[in-house]
Amino acid sequence: MLGIGISNKPPLILVADDDTIMRLLLREAMEQEGYRVVEVSNGKECLDAYTAVKPDLILLDAVMPIMDGFTCCQELMQIAKKNLVLALASLDSGSGFSNSLISTLWDRTPILMITGLDDPDSVDRAFEAGASDFVTKPIHWAVLRRRVRKLLQQGQVYKQLEAANQALQQLAHEDGLTGLANRRRFDQYLNSQWLELAQQRSPISLILCDIDFFKLYNDKYGHPAGDVCLQKVANVLKDTAQKYQDLVARYGGEEFVVILPYTHAAGAVHVAAGMQAGVRDLEILHSGSAVSQFVTLSLGIATIIPNFETSPLALIEAADNALYQAKAEGRNRIIIKQI
């Protein structure tokens, strides 16, 4: 069962009103419902508090000094748009648009406008500014409580959908045994990096590595032990590839692959040597190996500066040929090919 990971804390309400008595009444009403409350006295303070505390709902007075509620609502919407742009920019081209971006939309942070202006123009202005709902003064407290509950319930549903979607996305891109990226995620990331690096004329390296004589290891120690071996090797590879843009994936069976954007051949060799040494230092006994008493790696490296006339397949084939050569020459070694 997927863990949703929603906070067990009571919802946090941000109250923005310049009237001290009204703030006190709103605080008491919300705290009686079991909610946590943060108070501010104008729109500018509301923006600062929103960024600092990330409330679950905002109760926003329409008429305030320094910055009124309508302007504040518009500014909050601009923050949401900026967050959306940043979230989209963080996605590589193969990932697509996901419900995880719901967190940047106002369904996640509803705004309930409180206004003494009940004319149609003011109501329209409130919704156009980004308000989710409104109540008029003098406040009908039972109505306010119902509308707050409704908006919070809607927000909770969006949070649950987002968390479930993120969990499903993680499963779709993750190898179940090792926790590394899977083949699908590898293909997506390589294609997106290829296009970006082709524009920048920057290098990319690929490391393909294979656990030496792994079939014999499974035959000798059994598949459960083989799974544990794969997990330990995967952890070494993941820990050695420290740069934030490197991606380590399980390529299939006992084979792993590492994408190293912005990495020349010398840098890739350094990373590969660290991975090889890290696996050797695990000292996993392998009596069936012809090259060592412990589990070892063979690694093939290829480096290229991408362009729009070639495809990532050329890089994969070169790394695969290098790995084949490493095995043919006795295993437990690193071979590099530059395209």
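About the criteria used
- Residues numbered from 1 in each chain as written.
- Predicted model: local features only at pLDDT ≥ 70, side-chain atom pairs only at ≥ 80, totals over all residues.
- Heavy atoms only, no water.
- Core = buried A, V, L, I, M, F, W, Y, C linked by side-chain atoms within 4.5 Å.
- Buried < 20%, exposed > 50% of the residue type's maximum accessible area, 1.4 Å probe, protein only.
- Helix = DSSP H or I, 4+ residues; strand = E, 2+ residues; numbered from the N terminus.
- Contact = heavy atoms within 4.5 Å.
- Pairing = 2+ DSSP bridges.
- Axes fitted to C-alpha atoms, helices over the stretch in contact; angles between N-to-C directions.
- pLDDT = per-residue confidence, 0-100.
- Salt bridge = Lys/Arg side-chain N within 4 Å of Asp/Glu carboxyl O.
- Arc of directions from axis to C-beta.
- Parallel < 35°, antiparallel > 145°, perpendicular 65-115°, else oblique.
- Expected span 1.5 Å × (residues − 1).

### A short note on the nonpolar core
And step 1. Ranked by internal contacts, the top residues of the largest apolar core, which has 27 residues, are Ile-207, Ile-211, Cys-229, Val-233, Leu-237 and Phe-256.
And step 2. Where this core is concerned, the elements lending two or more residues are β6 (204–211), α7 (214–221), α8 (223–240), β8 (255–261), α9 (265–282) and β9 (297–304).
And step 3. Per-element tally for this core: the top contributor is α8, with six residues.
And step 4. Residue contacts for Val-233: discarding those within four places in its chain leaves Ile-211, Phe-256, Val-279, Leu-282 and Leu-297.
And step 5. Grouped together as the second largest cluster of nonpolar side chains are 23 residues, Val-40, Cys-46, Ala-126 and Phe-134 included.

### A word on the sheet that holds strand β2 (residues 36–40)
Within a beta sheet, neighbouring strands are joined by backbone hydrogen bonds and run either parallel or antiparallel to one another.
And step 1. Strand order across the open sheet formed by five strands is β2-β1-β3-β4-β5, with parallel pairing between neighbours. Lying at the two open borders of the sheet, with one neighbouring strand each, are β2 and β5 (133–136). In this sheet, adjacent strand axes meet at a mean angle of 20° when their direction is disregarded.
And step 2. With four bridges connecting them, strand β4 (residues 111–115) and β5 associate as parallel partners. Bridged to Leu-112 within β5 is Asp-133.
And step 3. Across the sheet, helix α1 (residues 20–32) is in contact with β1 (12–16), β2, β3 (57–61) and β4; its angle to β2 comes to roughly 165°.

### What about the confidence of the model for the protein?
Close inspection of predicted coordinates is inappropriate for parts of the model with low pLDDT.
And step 1. Chain-level statistics for the protein give a pLDDT mean of 86 and a share of 86% at 70 or above.
And step 2. Taken together, the stretch residues 1–5 has pLDDT below 50 and engages in seven contacts with residues farther than four places along the chain or on a different chain.
And step 3. Overall, residues 91–107 carries pLDDT values under 50, and its contacts beyond four positions in sequence, including any with other chains, amount to 39 contacts.

### A look at the environment of Met-275
And step 1. The topology assignment puts Met-275 in helix α9.
And step 2. Spatially, the C-alpha atoms of Met-275 and Asn-235 are 9.9 Å apart, while their sequence positions differ by 40 residues.
And step 3. With sequence-adjacent residues up to four places away left out, Met-275 is seen in contact with Val-236, Leu-237, Thr-240, Ala-241, Val-258 and Leu-297.

### Examining the pattern of salt bridges
And step 1. Applying the stated criterion across every chain yields a total of 13 salt bridges.
And step 2. A salt bridge links Arg-183 to Asp-187; the nearest nitrogen and oxygen atoms lie 3.9 Å apart. A residue pair is termed a helical-turn pair when its members lie 3 or 4 positions apart in one helix, as Arg-183 and Asp-187 do in helix α6 (residues 183–200) at four residues.
And step 3. Among the residues examined, Asp-187 registers a relative accessible area of 33% and is labelled partly exposed.

### Notes on α7
And step 1. Those residues of α7 lying buried are Phe-214, Tyr-217 and Asn-218. Taken end-on, α7 shows its buried residues confined to a sector of 95°, consistent with a single buried face. In α7, those exposed residues whose orientation departs by more than 90 degrees from the buried face are Lys-215, Asp-219 and Lys-220.
And step 2. Those residues of α7 hidden inside the fold are in contact with β6 and α8.
And step 3. Once α7 finishes, Gly-222 follows within two positions and takes phi at roughly 95°, a positive value.

### Overview of the packing of α7 against α8
And step 1. Running from amino to carboxyl end, α7 crosses α8 at an angle of 135°, the nearest separation of the two axes being 7 Å. With respect to their mutual orientation, α7 and α8 come out oblique. Residue-level inspection shows Phe-214, Tyr-217, Asn-218 and Tyr-221 of α7 in contact with α8, the latter providing His-223, Ala-225, Gly-226, Cys-229 and Leu-230.

### Details of α8
And step 1. Between its first and last C-alpha, α8 extends 26 Å over 18 residues, near the 26 Å set by a 1.5 Å rise per residue.
And step 2. Against the buried residues of α8 lie β6, α7, β7 (247–252), β8, α9 and β9.

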